[in-house]
Amino acid sequence: MATYDALYLWNVTVDQGNLQMTSFVERFNVPTASNGDFSLNNTIVVTDLSGSNNYNFTYLGHFDGGWLGLIGSGYRFITNDPTAPSTPATYSTADFVVCFLAGTRIATPGGSAAIETLAPGDLVLTADGRPAPVRFVGRQTVVSPFADPLRSFPIRVTAGALGDGLPIRDLLVSPDHALLLDGVLVQAGALVNGTTITREAEMPARFTYFHVELDDHALILAEGVPAETFVDNVTRRRFDNFADYAARFGDEPSTIAEMDRPRVKSARQLPKALRARLGHDIARAA
């Protein structure tokens, strides 16, 4: 059993992946800011300042400066963020999911490595064969019951679906994560053809994405496929481990220039030759 000292406790309703803070419950004056390291379905005890009132929560996941808990049949958002709003607010569990699913194999000079085992300073191989040091590995947890599957559940690109034996194994990435195909950055959601490239319909109650940041916006090899690294057109603050980033580099955002390549965000933008190769026209006719 873990203990978490919280400053703010909110009632929550859930609507299509959004958490609506409906009413402010109580403020706890316990000066602790640690998020802890909890696992799905852990029992978390939140106590008030006097220590006489205990609240037992079932942990459902951390996001956006706090964590979501279940008590009885009700949901609560618990946070130590001193800037937490004093009026009802909406937080989305689905925003900013642009990463590789845990278990994805990334090419390194010493062979492939599971993305979750990479750490700052490790070397990875870029698509052009250049060894490059990892600057940071961002981590984001998704809690399935409160996520929009269309935006948050991974796209599965089955082994060989892209031609030339690629990917080497099934590749699972978030819908907005881009792969380089025929000279174009294509977001994975645009590749779905319903057969060899599909949206995962079911996921565990809690799963984790990881993102690799280099010194530049580059292409690394994920299951053999050139895939983009982190670029700061999305905020690092949504990573579960942003505090680790801030401890290393400070709280000020650093700018990464986006690579100069066209980007495809929807199936209708796919080049005709690529659409035909991936079976989009066949799937549509069927």
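Numbers given for residues are sequential positions, taken from 1 along each chain in its written order. Local features in this predicted model are restricted to residues of pLDDT 70 or higher, and side-chain atom pairs are both shown and tallied only at a pLDDT of 80 or more, whereas totals for entire chains, interfaces and linings draw on every residue. Hydrogen atoms and water are omitted, and side-chain values are computed over all heavy atoms in the structure.

### Here we look at the overall build of the protein
Under the convention used in this document: Note on conventions: DSSP H or I runs of at least 4 residues are helices, E runs of at least 2 residues are strands, and numbering of each starts at the N terminus. Here the term buried applies to any residue with accessible area under 20% of the maximum for its type, exposed to any over 50%, and partly exposed to those in between, with areas from a 1.4 Å probe on protein chains only. In short, Shrake-Rupley with a 1.4 Å probe defines the accessible areas, and a residue's cover is counted only from the protein chains shown.
The number of helices and strands found in the protein is four helices and 23 strands. The buried share of the protein, reckoned over its 286 residues, is 47%. Here the protein has roughly 13300 Å² of accessible surface; of this, 49% comes from carbon and sulfur atoms.

### Things to note about the pairing of strand S17 (residues 178-181)
Stated precisely, the cut-off is as follows: Two strands pair if DSSP finds at least two bridges between them.
Of the two faces of S17, the one holding Ala 178 and Leu 180 and the one holding Leu 179 and Leu 181 are both buried throughout. One ladder, built from four bridges, connects S17 with strand S18 (residues 184-187); its direction is antiparallel. Of the residues in S18, the one forming a bridge with Leu 180 is Leu 185. Between S17 and the antiparallel strand that follows it, S18, lie two residues; Asp 182 among them carries a positive phi value of about 55°.

### Concerning the pattern of salt bridges
For clarity, the threshold we go by: Basic side-chain nitrogens of Lys or Arg form a salt bridge, by our definition, when they fall within 4 Å of a carboxyl oxygen of Asp or Glu.
Counted according to the given criterion, the structure contains eight salt bridges. For Asp 170, the salt bridge goes to Arg 156, with nearest N and O atoms at 3.0 Å. A residue pair is termed long-range when its members are at least 10 positions apart, and Asp 170 in the loop between strand S15 (155-157) and strand S16 (171-173) and Arg 156 in strand S15 qualify at 14 residues. By relative accessible area, Arg 156 is classed as partly exposed at 24%.

### Things to note about the pairing of strand S7 (residues 74-79)
Bridge count between strand S6 (residues 66-71) and S7: six bridges; the pairing is antiparallel. In the sheet register, Ile 71 faces S7, and the bridge partner there is Gly 74.

### Let's talk about the packing of aromatic side chains
Aromatic ring pairs are defined here through the distance separating the ring centres and the angle between the ring planes. The line we're drawing: Only Phe, Tyr and Trp rings are paired, with Trp represented by its six-membered ring, and only when their centres lie within 6.5 Å; those with planes under 30 degrees apart are stacked, over 60 edge-to-face, the remainder tilted. Remark: a charge is flagged as sitting over a ring if the NZ atom of Lys or the CZ atom of Arg is within 6 Å of the ring centre and within 35 degrees of the ring normal.
Within the structure shown, the criterion is met by six aromatic pairs. Ring geometry for Phe 230 and Phe 239: centres 5.8 Å apart, planes at 50°, overall tilted. A single burial state applies to Phe 230 and to Phe 239, both of which are buried. Consider the rings of Phe 242 and Tyr 245, whose centres lie 6.1 Å apart with planes at 20°: the pair is stacked. Of this pair, Phe 242 and Tyr 245 both sit in helix H2 (residues 242-249), separated by three residues, roughly a single helical turn. Across the pair, exposure class does not vary: Phe 242 and Tyr 245 are buried alike. One aromatic cluster in this structure is built from Phe 136, Phe 242, Tyr 245 and Phe 249. One residue, Arg 135, lies across the ring of Phe 249, its end atom 3.9 Å from the ring centre.

### Considering the nonpolar core
Note the cut-off: Side-chain atoms within 4.5 Å are what join buried Ala, Val, Leu, Ile, Met, Phe, Trp, Tyr and Cys residues into a set we call a nonpolar core. In this analysis, two residues are considered to be in contact whenever any of their non-hydrogen atoms come within 4.5 Å of each other.
Core analysis: the biggest nonpolar cluster contains 35 residues, and Leu 118, Leu 162, Val 186, Leu 191, Ile 197 and Leu 214 have the highest contact counts within it. Going through the elements one at a time, S15, S16, S17, S18, strand S20 (206-213), strand S21 (219-222) and strand S22 (225-228) are the ones with two or more residues in this core. Contact partners of Leu 162, with chain neighbours within four places excluded, come to Val 157, Pro 167, Leu 179, Leu 181, Ile 197, Val 225, Arg 277 and Leu 278. Judged by nonpolar contacts, the second largest core, of 13 residues, contains Val 142, Ala 147, Phe 153 and Phe 239.

### Here's the deal with the environment of Trp 67
In this fold, Trp 67 is placed in strand S6. Spatially, the C-alpha atoms of Trp 67 and Thr 79 are 6.5 Å apart, while their sequence positions differ by twelve residues.

### Brief notes about the environment of Pro 109
Along the chain, Pro 109 turns up in the loop between strand S10 (105-108) and strand S11 (111-114). Assessed through its relative accessible area of 49%, Pro 109 is described here as partly exposed. On a C-alpha basis, the gap between Pro 109 and Arg 130 in space is 9.1 Å, while along the polypeptide they are 21 residues apart. Apart from residues lying up to four places away in sequence, Pro 109 is in contact with Leu 123, Val 124, Leu 125 and Pro 131.

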